[in-house]
Amino acid sequence: MRCLTRAEAVERAELLAVESYEIDLDLTRDGGFRSTTTIRFRAARPGASTFVEIKPTTLVAATLNGVQLTPAMVDGNRLPLAGLAARNALTVEAEMAYSNTGEGLHRFVDPVDGETYLYAMSFLDQAQRIFACFDQPDLKAPVTLSVTAPPDWLVAANGAVAKMDDGRHTFVTTQPLATYFVTLIAGPYHARYDEHDGIPLALYCRRSLAADLDKEAGELFTVTRQCLDRYHELFGVRYPFGRYDQAFVPEFNAGAMENPGLVALRDDYVFRSAVTEGQREQRTVTIAHEMAHMWFGDLVTMRWWDDLWLSESFAEYLGVRVTAEATRFGGAWTTFAMRRKATGYIADQRPSTHPVAPDHVPDAAHALLNFDGISYAKGASVLRQLVAWLGDEPVLAGLRAHFAAHRFGNATLADLLAALTKASGRDLRGWADAWLRTAQVNTLRLEPVIVDGRYETVHVVQTAPESHPTLRPHRVGIGLYDGGVLRQRVDADVDGVRTAVPALTGLSAADLLLPNDGDLTFAKVRLDAGSAAALPRALPALTDPLARALLWAATVDAVGDNELPVADLVALIVTALPAETEAVVVADVLRMSRDLLDRYLDTGQRAAALVHVAQACDRLLRTAAPGGSLQLATARGWIGATVDTARLAGWLAGAEVPDGLIVDADLRWSIRYRQAVLGAIGGAEIEAELASDPSALGQEWAARCVAARPDPDAKAHAWRVVTSDTTRSNRIVGGYAEGFWQPERPEVTESYVERYFSEMPAAARLRTAWIAEAVASLAFPRYAVASTTREAAAALLARDDLEPSVRRAVTDMDDGLRRALAARSSA
Ligand SMILES: [Zn+2]
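## Re the overall build of the protein chain
And step 1. What the protein chain contains, in helices and strands, is 26 helices and 28 strands.
And step 2. In terms of overall size, the protein chain behaves like a compact globule, its C-alpha atoms giving a radius of gyration of 27 Å where 827 residues would be expected to give roughly 28 Å.
And step 3. For the protein chain, the C-alpha atoms occupy an extent of roughly 90 × 70 × 55 Å along the three principal directions.
And step 4. Each of the 827 residues in the protein chain was classed as buried or not, and the buried ones make up 60%.
And step 5. Here the protein chain displays about 29500 Å² of accessible surface, and carbon together with sulfur accounts for 52% of that area.
And step 6. Across the protein chain, the mean location of the 83 positive side-chain charges is 1 Å away from that of the 105 negative side-chain charges.

## As for the coordination of the zinc ion
And step 1. In this structure, H289 (NE2), H293 (NE2) and E312 (OE) serve as the protein donors to the zinc ion, at separations of 2.1 Å.
And step 2. Motif for the zinc ion, donor spacing along one chain: H-x3-H-x18-E. Of the two residues, H293 is situated in helix α3 (residues 277-293) and E312 in helix α4 (residues 309-326); the sequence distance between them amounts to 19 residues. For the pair H293 and E312, a shared accessibility class is recorded, and that class is buried.

## So, helix α20 (residues 696-708)
And step 1. Between its first and last C-alpha atoms α20 spans 19 Å; for 13 residues at 1.5 Å apiece the expected length is 18 Å, and the two agree.
And step 2. Within α20, eleven of the 13 residues are buried, which leaves the element mostly enclosed by the surrounding structure.
And step 3. Looking only at α20, the buried set comprises A696, G698, E700, W701, A702, A703, R704, C705, V706, A707 and A708.
And step 4. Residues of α20 that are buried sit in contact with β8 (104-109), α18 (665-677), α19 (683-692), α21 (712-724) and α22 (730-740).

## As for the pattern of salt bridges
And step 1. Enumeration over the complete set of coordinates arrives at 74 salt bridges.
And step 2. Among the ionic pairs, R78 bridges to E8, the shortest N-O distance being 2.9 Å. Taken together, the positions of R78 in strand β6 (residues 78-81) and E8 in helix α1 (residues 6-15) put the pair 70 residues apart, joining distant regions of the chain.
And step 3. A residue is classified by how much of its surface remains accessible, and R78, at 6% relative accessible area, is buried.
And step 4. The network of salt bridges with shared partners includes K524, R526, D557, D561, E563, D815, R818 and R819.

## Details of the sheet that holds β8
And step 1. Overall, antiparallel pairing links the four strands, which are arranged β8-β9-β14-β11 in an open sheet. Either end of the sheet is taken by a strand with one partner, and the two such strands are β8 and β11 (154-157). Each strand of the sheet is rotated relative to its neighbour by a mean of 10°, with strand direction disregarded.
And step 2. Pairing between β11 and strand β14 (residues 184-187): four bridges, direction antiparallel. If you follow A156 over to β14, its bridge partner there is I185.

Procedures and definitions
Residues numbered from 1 in each chain as written. Predicted model: local features only at pLDDT ≥ 70, side-chain atom pairs only at ≥ 80, totals over all residues. Heavy atoms only, no water. Helix = DSSP H or I, 4+ residues; strand = E, 2+ residues; numbered from the N terminus. Rg over C-alpha atoms; globule rule 2.2 N^0.38 Å. Buried < 20%, exposed > 50% of the residue type's maximum accessible area, 1.4 Å probe, protein only. Areas by Shrake-Rupley, 256 points an atom, 1.4 Å probe, with all protein chains shown as cover. Lys, Arg positive; Asp, Glu negative; His and termini not counted. Charge placed at Lys NZ, Arg CZ, Asp CG, Glu CD. Donors = N, O, S within 2.8 Å, 3.2 Å for Na, K, Ca; no water. Expected span 1.5 Å × (residues − 1). Contact = heavy atoms within 4.5 Å. Salt bridge = Lys/Arg side-chain N within 4 Å of Asp/Glu carboxyl O. Pairing = 2+ DSSP bridges. Axes fitted to C-alpha atoms, helices over the stretch in contact; angles between N-to-C directions.

Given below as structure tokens:
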């Protein structure tokens, strides 16, 4: 599929003004669907030419201003339009294909009951897989949708149903929408309805999840109401799209998608098994994030994808903030500090790093690559820093003015900066250059000079990598902790290489000095020598979960940079993790340290380290409250680390299960997965587990388990699916890719290292860009830590026929290898 370039989008936006879309979809046909679209649009220069995008199986007919166009003129996904009039009407009728990739009109058959479910995902440039359109974010227009579906189906879309008769649904005309927001769901969906503050609310899911959704509906509606109220308070602009429906849909690629009036969320969020409070918090943050997009993205849309951050950074910042302020998940900033920011720091230090607001995104394919930790977590952190610097009121006043000026239109970075400058009275150009226009991350270290137990001086020393030497202004807190308790927090405006903090002079020295206490800025932090030495003692005693999260994150980061040996992290897990009380911290420490253990240690060292990790989990399991989040997070960590196959089998049989821990479907599967990795079960056990849980999630787990078995036939099967099978869905392919590489028995997959580099370029071309990047990352031989693997990666990257998604995945994964090799050679 040829993707739109920025230059083409600019030219087309200058030429066209789209007035309306009338879309008619017939979903009652076999094999595919019929799409008939009429677009009314003006052209600034009559006589000029342009093109419309559509990706049909067969283009049936097209007319422009009553004149028939030859269907054979369609060139890939583009239908040329010549001799435009001042006002035009284009009608395109086409046979279209359903997808199994989570993009376009995705078709899913529920393995539990055989029911069929459809949903539309138009993001990023996939609307053209559903209807003919000018598929770029700044040609917005009202949409009138009609859908013919089987009479017993529920059909919902961006607007409310205006008329329904025997399966024929006509929806009210929407506010102006960017093409990438046009959506619908169709199928025998289960629904729950409510209303809040004059806004109709709905929740949808598959019938086989109905009982689970009904259990969750109370919490889902509650947080939806709380977030709506908070956004109304913050923005002073009411929710502008009528209904607020949320559809939990199968095999979704992202967490969710902010379609106005009908948000799509992955239906993994309809919890069927026990979950931690952290998972509930994450679901709430997702709900709040999508709702923020109703203003940032949907009401005011970026002109082109280079301003993606205007959507995602704001949605991420506000999603966490509004969750923390308006819902019962008051600790959302702690999770952000530990989990989300780690993705930002990692992405920002990779060779593929880019500014939060990049200067140039040449086309839609490159735009997709920027949906990463930089556009989300770094951008959100930068906004938090902006609020710390300017104050909340000026920022909110600027945002309100921005919404008013660009309501239902498009805007750019310059527009937003103008609004914020006017509201705050501050010149933001220097700030924007440092924070938005330059890539990479600074490191902040404290340099205290202590005389007779008191600080004589304390400096904050700021550094930047040689490749990106920008130093930035940071407003930070510095925490003084004694015996685990915060004695005092001092604010500092860091600027340049060395910043003195006079407020600390004369104070008695603390046990531990924490730079960036409160987590207001985006910077790596390193402790001074005295605080580092005190860490193993101080960390378990700290009462503030955010401070603990920051210290764990800094430790993991230092190990990732090879400034600390992995052994130090393992030792800290042994001393400090059993005292941890936050499930989120336990889950993330275990997940992040596992990644380092798996790649930075050789097989023998790794096995020894895992024994320590499993023992630390075991100690925590003995004290964690029965049935609580901490117990569940720890149990998952233990399952992932243990090699005690007898005890794993015992838990499945109900033997010696910790009191209060429910071994339900998903926990059973995580045990099965570990057994598969260890070679303790074969295909028969996986089949038996699938027979008792044939659900969609069960199918994904089974794919992961099959791929994980250290068995040549299982590996061959998994590899075939990953590299050549297009009949299976995105999630199943992803499951096979995820399970394939395991550090346990590298000899079983040795021959696939070379095959990855020779086969992936062609394999990726079988997939859409989104799936290609996921597969290229997941199937990368991440545990083949050897210079020969890096040489193969370099040879691949030297080719000029790589899809951008594969180039990005290999570049970043190779950088992970570089770090792992350095760690192993220094060990
Ligand atoms: Zn988003």
